[in-house]
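One-letter residues, chain by chain:
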Amino acid sequence: MLELVAAGSLFFPGLYLLSKRCLKQVPSLQWDEGDAVIISARLVSSIQAIMASTAGYIIATSCHDIIEDQHWLTSSYILFAVPYFVYDIYAMFMCYRHKQQVKGHEGSGVSSALLLSYLRKEFLMVLHHVVMVTVCFPVSVFWRQGKGDFFQGCMLMAELSTPSVCLGKILMQYKQQHTLLHKVNGVLMLLTFFCFRILLFPYMYWVYARHAGLRPHSVPLAIPLHYNLGAALLMAPQVYWFSLICRGAFRLFKRIIGGTPKPREVKEERERNGHASDKGYSPIEQRSE
């Protein structure tokens with residue numbers, strides 16, 4: 001058990017540091033510190049997501065009895081992956097610090113004001129990661145007592161949307177919203193997020209209904225209340241994040257149909273992405289002020 005946690009504690013930060021070093025030192029790349037930090041963080045998140053969704057698919061497809069069947073990969077991957085969520089809090093902070101530096105709001109150091117600003121900005125994501133480590137991890141490894149590996153596999157497959165989310169953030173960071181890749185990735189992100197993070201929960205209720213010989217709408221009343229509460233708490237942030245993705249997709253659609261975005265829209269998007277000109281604002285944004 002401890003060996004897997006230790007392996008994950010070395011793998012994810014090590015992959016981040018290796019990626020950042022390569023991006024900065026490879027002659028054909030030689031990116032600066034901030035760009036290397038952002039790309040490396042997205043790369044590690046994408047690799048973790050691919051590993052998790054692959055493990056989840058293997059687990060879910062191997063469990064014919066959705067309650068009793070077990071697969072060794074379930075607890076093993078959870079133990080290996082739990083350090084990722086601790087590491088990712090740090091990686092998100094490093095990305096946030098770079099964005100603030102680009103805007104000219106912060107120096108190269110780490111201040112309490114910067115930490116508080118980061119926690120306010122990324123509160124929901126940080127809370128999500130803390131809950132994954134302090135609640136979901138012990139529940140998945142110890143409290144389940146080996147039951148429900150199928151559902152654990154389904155939950156791991158929710159990570160399938162992460163690579164497209166990461167790619168979308170990178171393209172926005174480097175002002176590539178006009179490219180075909182950004183548009184195709186946006187459609188893929190909408191589909192994967194909706195299927196594997198929103199529809200996932202109704203699907204699991206439906207599967208259990210078939211297993212127990214119940215009608216799907218009667219499942220919430222047939223299972224313990226804390227199961228429904230847990231599902232609701234896990235689904236709530238996914239619905240919120242999906243609404244943000246839909247808003248972004250709607251803005252992009254309006255931009256394609258209507259042409260050049262309004263100065264206010266340009267400013268809001270650039271503030272979200274942490275990108276700016278040498279003086280902190282583009283000429284359009286300066287006129288809008």
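The structure we're discussing is the one just above.
Residues numbered from 1 in each chain as written. Predicted model: local features only at pLDDT ≥ 70, side-chain atom pairs only at ≥ 80, totals over all residues. Heavy atoms only, no water.

Looking at this model, I keep getting lost on the overall build of the protein. Mind explaining?
Each helix and strand in the protein was counted, giving 13 helices and 0 strands. Reading the protein from its N terminus to its C terminus gives the helix and strand order α-α-α-α-α-α-α-α-α-α-α-α-α. Within the span of the protein, comprising 289 residues, buried residues form 42% of the whole. Considering only contacts within the protein whose residues lie at least 6 apart along the sequence, 70% involve residues at least 24 apart. (Helix = DSSP H or I, 4+ residues; strand = E, 2+ residues; numbered from the N terminus. Buried < 20%, exposed > 50% of the residue type's maximum accessible area, 1.4 Å probe, protein only. Contact = heavy atoms within 4.5 Å.)

What is the right way to read the packing of aromatic side chains from this model?
Applying the stated rule across the entire model yields 17 aromatic pairs. Ring geometry for F93 versus Y118: centroids 5.3 Å apart, planes at 75°, classification edge-to-face. Highlighted residues: F93 in helix α3 (residues 72–103) and Y118 in helix α4 (residues 112–121), separated in sequence by 25 residues. Each of the two residues, F93 as well as Y118, counts as buried. Members of the aromatic cluster, joined through ring pairs, are F11, F12, Y16, Y77, F80, Y84, F85, Y87 and Y90. (Phe/Tyr/Trp six-rings, centres within 6.5 Å; stacked < 30°, edge-to-face > 60°.)

Just to check I follow, could you spell out the nonpolar core for this structure?
Where a protein is soluble and globular, its nonpolar side chains tend to be buried together. Core analysis: the largest hydrophobic core is formed by 40 residues, its most contacted members being Y16, V44, Y77, Y87 and F150. For this core, the elements supplying multiple residues, two or more each, are α1 (2–25), α2 (33–62), α3, α4, α6 (149–156) and α9 (200–212). At 13 residues, the largest contribution of residues to this core is made by α3. With sequence-adjacent residues up to four places away left out, V44 is seen in contact with F12, L15, Y16, Y84 and Y87. Judged by nonpolar contacts, the second largest core, of 7 residues, contains M189, F193, I198 and F242. (Core = buried A, V, L, I, M, F, W, Y, C linked by side-chain atoms within 4.5 Å.)

Would you mind showing me how to read helix α5 (residues 123–143) here?
Every α-helical turn comprises 3.6 residues, leaving residues that sit three or four positions apart pointing alike. The largest bend along α5 measures about 40° and falls at M132. The set of residues buried in α5 consists of V126, H128, H129, C136, F137, S140 and V141. Taken from the residues just after α5, Q145 is the one with a positive phi, measuring 55°. (Bend = angle between axes of the 7 residues up to and from the residue.)

Sorry if this is basic, but what is going on with unusual backbone geometry here?
Peptide bonds are trans in most cases, and residues, glycine excluded, mostly fall at negative phi. Non-glycine residue Q145 carries a positive phi angle of around 55°. In this fold, Q145 is placed in the loop between α5 and α6. One non-glycine residue with positive phi stands out, namely K175, at about 55°.

Help me understand a nonpolar patch on the surface, please; the structure alone is not making it clear to me.
A cluster of nonpolar side chains, contributed by F123, L127, V131, V135, V139, W143 and Y227, occupies part of the molecular surface with about 630 Å² of accessible area. With 6 residues, α5 is the single largest residue contributor to the nonpolar patch. Mapped onto the elements of the fold, Y227 is located in helix α11 (residues 225–258). Of the residues examined, Y227 reaches a relative accessible area of 41% and is grouped as partly exposed. (Patch = residues over 30% accessible without salt bridge, like charges linked within 9 Å, V, L, I, M, F, W, Y side chains within 5 Å. Areas by Shrake-Rupley, 256 points an atom, 1.4 Å probe, with all protein chains shown as cover. Salt bridge = Lys/Arg side-chain N within 4 Å of Asp/Glu carboxyl O.)

How should I be thinking about the pattern of salt bridges in this particular structure?
Counted by the stated rule, this structure contains 5 salt bridges. The partner of E33 in a salt bridge is K24, with the nearest N and O atoms 2.5 Å apart. Judged by its relative accessible area of 33%, E33 falls in the partly exposed class. One salt bridge in this structure joins E159 and R197, with 3.8 Å as the shortest N-O distance.

Is there a simple way to think about the packing of α3 against α5 in this case?
How two helices sit against one another is set out by the angle between their axes and by the gap between those axes. Two elements in contact, α3 and α5, have axes separated by 10 Å at closest approach and are oriented at 165°. Of the possible angle classes, the one that applies to α3 and α5 is roughly antiparallel. Both α3 and α5 take part in a crossing whose hand is left-handed. On α5, the residues that touch I78, L79, V82, F85, V86, D88, I89 and M92 of α3 are M125, V126, H128, H129, V130, M132, V133, F137, S140 and V141. Per-class residue counts for the contact of α3 with α5 are 14 nonpolar, 3 polar and 1 charged. (Axes fitted to C-alpha atoms, helices over the stretch in contact; angles between N-to-C directions. Parallel < 35°, antiparallel > 145°, perpendicular 65-115°, else oblique. Left-handed = near helix turned anticlockwise from the far one by under 90°. Nonpolar A, V, L, I, M, F, W, Y, C, P; charged D, E, K, R; others polar.)

How should I be thinking about the packing of α1 against α2 in this particular structure?
Between α1 and α2, whose axes approach to 8 Å, the crossing angle comes to 140°. Considering their axes alone, α1 and α2 lie oblique with respect to each other. Of the two possible hands of crossing, α1 and α2 adopt the one that is right-handed. Here α1 contributes F11, F12, L15, Y16, S19, K20, L23 and K24 to the contact with α2, which in turn contributes E33, A36, V37, I39, S40, A41, L43, V44, I47, Q48 and M51.

It is not clear to me how α6 should be interpreted in this structure. Could you clarify?
By the criterion of burial, α6 is predominantly enclosed, with 7 of the 8 residues buried. Residues D149, F150, F151, Q152, G153, C154 and L156 constitute the buried set of α6. The elements touched by buried residues of α6 are α2, α3, α5 and α9.

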